[in-house]
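# What the coordinates show
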Amino acid sequence: MYIKNLFKGAILVLLASCSPESSKWENYTDEGTFFVYRRQSQIGEETYNITSNKDSIIVTSIQGENERGRISGVESKLYLTTELEPLSYYSRRISKNDTTNILKMEVNGNQVSIWEKHFDVVTSNKKDVFFGVNSNIPAGIEMMLYHYYFSQNDIESLPTLPRGEISLTHRGEDTVQINGENVALDRYVVEGINWGGRTIWLDKSKNLVAVVKANTQIRELIKKGYEEAKPFFIKGNVEEQMAQLKEYTESVKGPEYPVTALVGGNVVDVVSNNIKEDMTLLIEDGKIVAIGKNDAVEVPKGAKIIDVAGKTLIPGLWDMHAHSNQVQWAPAYLAGGVTTIRDNGNELEFATAFRDAIAKEGAVGPDILLAGMTDGPGPKGNGIIRARSVEEAKEVVALYHKNGYEQIKIYTSIEPEILKVLSEEAHKVGMTVTGHVPALVDDTRVAVESGMDMLSHYNRIMGALFPDKKISELVKDGRYFLAHNEITDAMVDDAIDFYKEHGTVLDVTLGLGVIRTLPKGNPVETIEPDSYRMAYELFESKRFRAGSKEKTAALSKEDVTKAAEVIGKFYKAGIPVVAGTDNHTPGFGLFLELESYVEYAHLSPLDAIKTATIIPARAMGYDDVTGTLEIGKQADIAILESNPLEDIKNIRSVSAVMTNGNYYESEPLWIAADFKPTRD
């Protein structure tokens, strides 16, 4: 009934406001299909239909996806005048028997009303020029957005609802080969829909042909008939991302000095467990060449002197579970004191280019170590790089090793025998193996015994507490199996012996578990207080998560609390525990991770900091290079206004960072990443 009334209302407004002049959109019809890819593997498709008469245009879109076995769809409908002015729009996600409204917009005279997921209805005066946009806007609707944009005679930006604006920058004309023929397309970078922008291609009639976007997860949408050009579109997006990274670098990078002196700071020694006060550090060619009391270190002439008196210096932080699918992560990570990340699964073309731009070309950003994602057969598989046979497993390891990857990342559809082959081949060439316990392995201890050196996510790590049960047995009554089972000291001690025997490194992602305790309808700042600073394009997917019903949220809290207590015991027994975020809150996730170790795992603030400094450096074989502030090591340094050893929440007071010989103040980095001090 709502849709029927909405349609009637739209038509009435159309009839009242339609132009007497004819429009090229009168009596127009079009239909088409876009293929939807995630990490270059097709996961669904969208069909759209455009019809019009002399008064109105109606655009419908149906998008269906099977994303790692999760089947869902999005239904959208847009009403426009024949001058492309928006009148109403709705987009709703359909999953099993649940329908969730993502965005609804309706124009009524000079008023426009917006219904947005998790927000109250907002009615305001209608702008003369605007368009309704959500971050997962369907391709068919997005195409009409661009037609409207170009109809406005060279505007610099187009206001959007419920917030923000979009802008298009023409990056040139590309030629792609389609069925043996050359086809000319125009490439644009669009900002304002997803965090950091997207790369799009339009044909000469301004019809959308391809979109490559991130919003923390890379997706490709390609119009049917153009799919053979997918590698070209992927390459083009990498080029645009690297160009944007170059712009960031130029905007925040200051003049270079042969020597930098940090004078007067209090240095946290994560090896001897103490703080050395009123210290001077000399940095030359990106390395620490002297550390000592202020009166004992001679600062050479010409050095850049930075007064850090009263501030606390800690080793640059590590995020051991990153998915840095867009270059906006580079300044955001540094702004939060993170100087090294392990990218734990990404598109090969983007990840290698991102790593190399920082390591070889001096681009702003943390050092990046790469774990190459691989999965097994079937629709639940993740990405395009698969190991479905012994031969493919060998090829996967060779591919990643050739590209300088440190690790193989195991995902959930890998078969048991293939896991062993991947591990054996990786170990032969000096790589290690990390990731998930595969579903068909179904046993945490068997996964480790099959060659996995590191394990991701506490819920699978905890499987080692139950050596007589498969993971599928543990979760048959729900994912929160710790909440339903008693955990004894004997169980913990046995798991400790197992992990210590195998030297297993635990990538817990504890903060992600804490975020998942969020009750439905609550903003993330309920748990993560800095999330209000996020880019507005991330509101839908990051600031407002789906959340859980009250009972489920309470169960989740019990589960993660029990897991954290066990992780604390693992850590104190000498098992390497490393901090990682899995990207739950861009820019701030590692703060919550470390705070959670203190609050729930009962670690000291210093021990929590170790999980993000010396312990991951040792785990990845870089402890002779970084992870501590010592002479001869890289000057990877986070500079804090307050002492985190007194209160771990002071970890959020990062004011500056040093990495790769460069000194950056945090606020310009936040701004470069589009994280502003305040948000509506």
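Residues numbered from 1 in each chain as written. Predicted model: local features only at pLDDT ≥ 70, side-chain atom pairs only at ≥ 80, totals over all residues. Heavy atoms only, no water.

Turning next to the sheet that holds strand β26 (residues 454-456). Hydrogen bonds between backbone groups are what pair the strands of a sheet, and the pairing can be parallel or antiparallel. An order of β26-β27-β28 is seen for the three strands of this open sheet, with the pairing classed as parallel. Unpaired on one side and paired on the other, β26 and β28 (577-578) mark the two borders of the sheet. Note that β26 and strand β27 (residues 505-507) share three bridges and pair parallel. For L455, the partnering residue across the bridge sits in β27 and is L506. (Pairing = 2+ DSSP bridges. Helix = DSSP H or I, 4+ residues; strand = E, 2+ residues; numbered from the N terminus.)

A cis geometry characterises the amide bond from L161 onward to P162, with omega recorded as 15°. You can see P162 is positioned in the loop between β10 (158-161) and β11 (165-178). The backbone phi angle of N179 is positive, close to 55°, even though this residue is not glycine. For N179, the position within the fold is in the loop between β11 and β12 (181-191). Under the relative-accessibility criterion, N179 is labelled exposed at 66%. Positive phi, close to 75°, is recorded for H457, a residue that is not glycine. Position of H457 among the secondary structure elements: in the loop between β26 and α9 (458-461). Taking relative accessible area as the criterion, H457 reaches 12% and is therefore assigned buried. (Buried < 20%, exposed > 50% of the residue type's maximum accessible area, 1.4 Å probe, protein only.)

Turning our eyes to something else, we now look at empty space enclosed by the protein. Scanning the model with the defined rule gives eight cavities of 30 Å³ or more in all. Together, 13 residues line the largest cavity, and V133, S135, R163, Y536 and E540 are the ones closest to its centre. Contributions of two or more residues to the lining of the largest cavity are made by β10 and α13 (539-543). The residue makeup of the lining of the largest cavity, split by class, is six nonpolar, four polar and three charged. In this structure, the second largest cavity spans a volume of roughly 80 Å³. As for the second largest cavity, its lining consists of 13 residues, and the residues nearest its centre are Y333, G587, F588, G589 and L590. Of all the secondary-structure elements, those providing two or more residues to the lining of the second largest cavity are α4 (329-335) and α15 (589-599). Classifying every residue of the lining of the second largest cavity by side-chain character gives seven nonpolar, five polar and one charged. (1 Å grid on protein atoms, 1.4 Å probe; cavity = no way out; pocket = protein on both sides within 12 Å on 5 of 7 lines; lining within 4 Å. Points joined across faces, edges and corners; volume = space filled by probe spheres on them. Nonpolar A, V, L, I, M, F, W, Y, C, P; charged D, E, K, R; others polar.)

As a further point, take the pairing of strand β25 (residues 432-435). When a strand is regular, its side chains alternate between the sheet's two faces. Sheet analysis places strand β24 (residues 407-410) next to β25, joined by four bridges and oriented parallel. Along β25, the bridge assignment pairs Q407 with T432. Crossover connection from β24 via helix α7 (residues 416-428) to parallel β25: handedness right-handed. (Right-handed = clockwise from strand over helix to strand, strands pointing away.)

In this section: α7. Between the first and last C-alpha of α7 there are 19 Å, a value that for 13 residues agrees with the 18 Å anticipated at 1.5 Å per step. Among all positions of α7, only I418, L419, V421, L422, S423, E425 and A426 are buried. Positive backbone phi, approximately 85°, marks G430, located one or two places after α7. (Expected span 1.5 Å × (residues − 1).)

Alternating positions in β24 separate into two faces, Q407 and K409 on one and I408 and I410 on the other, with burial throughout. Strand direction decides the pairing type here: strand β23 (residues 367-374) and β24, joined by four bridges, are parallel. Opposite G372, over in β24, you have I408 as the bridge partner. Running through helix α6 (residues 390-402), the crossover from β23 to the neighbouring parallel element β24 is right-handed.

Below, the discussion takes up the packing of aromatic side chains. Under the counting rule described, the total for this entry stands at 18 aromatic pairs. With 4.6 Å between their ring centres and 45° between their planes, Y400 and Y405 make a pair best called tilted. Judged by its relative accessible area of 1%, Y400 is buried. Ring centres of Y499 and F570 lie 5.7 Å apart, and the angle between their planes is 75°; this geometry places the pair in the edge-to-face category. Residue Y499 is located in helix α11 (residues 489-502), and its partner F570 is located in helix α14 (residues 550-572); the two are separated by 71 residues in the primary sequence. (Phe/Tyr/Trp six-rings, centres within 6.5 Å; stacked < 30°, edge-to-face > 60°.)

This part covers the environment of Y146. Within the fold, Y146 resides in helix α2 (residues 139-150). Sequence separation between Y146 and I275 is 129 residues, and the spatial gap between their C-alpha atoms is 57 Å. Beyond its immediate sequence surroundings of up to four residues, Y146 is in contact with L168, V190, I193, R198, I200, L202 and L208. A polar contact is formed between the side chain of Y146 and the side chain of E142, at a distance of 2.4 Å. (Contact = heavy atoms within 4.5 Å. Polar contact = N/O pair within 3.5 Å; in protein donor to acceptor, adjacent residues only side chain to side chain.)

Spatially, five strands are ordered β21-β22-β23-β24-β25 in an open sheet, and the strand pairing comes out parallel. For this open sheet the edge positions go to β21 (317-322) and β25, each flanked by a neighbour on one side alone. Taken pair by pair, the neighbouring strands of this sheet meet at an average axis angle of 30°, ignoring direction. Summarising the sheet, β21 and strand β22 (residues 338-343) pair through four bridges and their orientation is parallel. By the bridge assignment for β22, L317 is matched with V338. (Axes fitted to C-alpha atoms, helices over the stretch in contact; angles between N-to-C directions.)

Moving on to the confidence of the model for the protein. Confidence in the prediction of the protein, expressed as mean pLDDT, is 92, and 95% of residues score 70 or more. Per-residue pLDDT stays below 50 along residues 1-21; that stretch engages in 24 contacts with residues further than four places along the chain or on separate chains. (pLDDT = per-residue confidence, 0-100.)

All right, on to the nonpolar core then. F233, M462, L465, Y499, F570 and Y597 are the most contacted members of the largest nonpolar core, which totals 137 residues. In terms of residues, this core owes the most to one element, α14, which gives seven residues. With sequence-adjacent residues up to four places away left out, Y597 is seen in contact with V508, L510, I567, V577, V578, A579, H602, L603, A608 and T611. Residues V36, L87, F131 and L168 belong to the second largest nonpolar core, which totals 46 residues. (Core = buried A, V, L, I, M, F, W, Y, C linked by side-chain atoms within 4.5 Å.)

Once that is clear, we can look at the packing of α11 against α14. The geometry of α11 relative to α14 is characterised by a closest axis approach of 10 Å and an angle of 50° between their N-to-C directions. Between α11 and α14, the angle is such that the two are oblique. For the pair α11 and α14, the sense of crossing is right-handed. When α11 is examined against α14, the residues D489, V492, A495, I496 and Y499 are found in contact with a partner set consisting of V566, K569 and F570. A class-by-class count of the residues in the contact of α11 with α14 yields six nonpolar, no polar and two charged. (Parallel < 35°, antiparallel > 145°, perpendicular 65-115°, else oblique. Left-handed = near helix turned anticlockwise from the far one by under 90°.)

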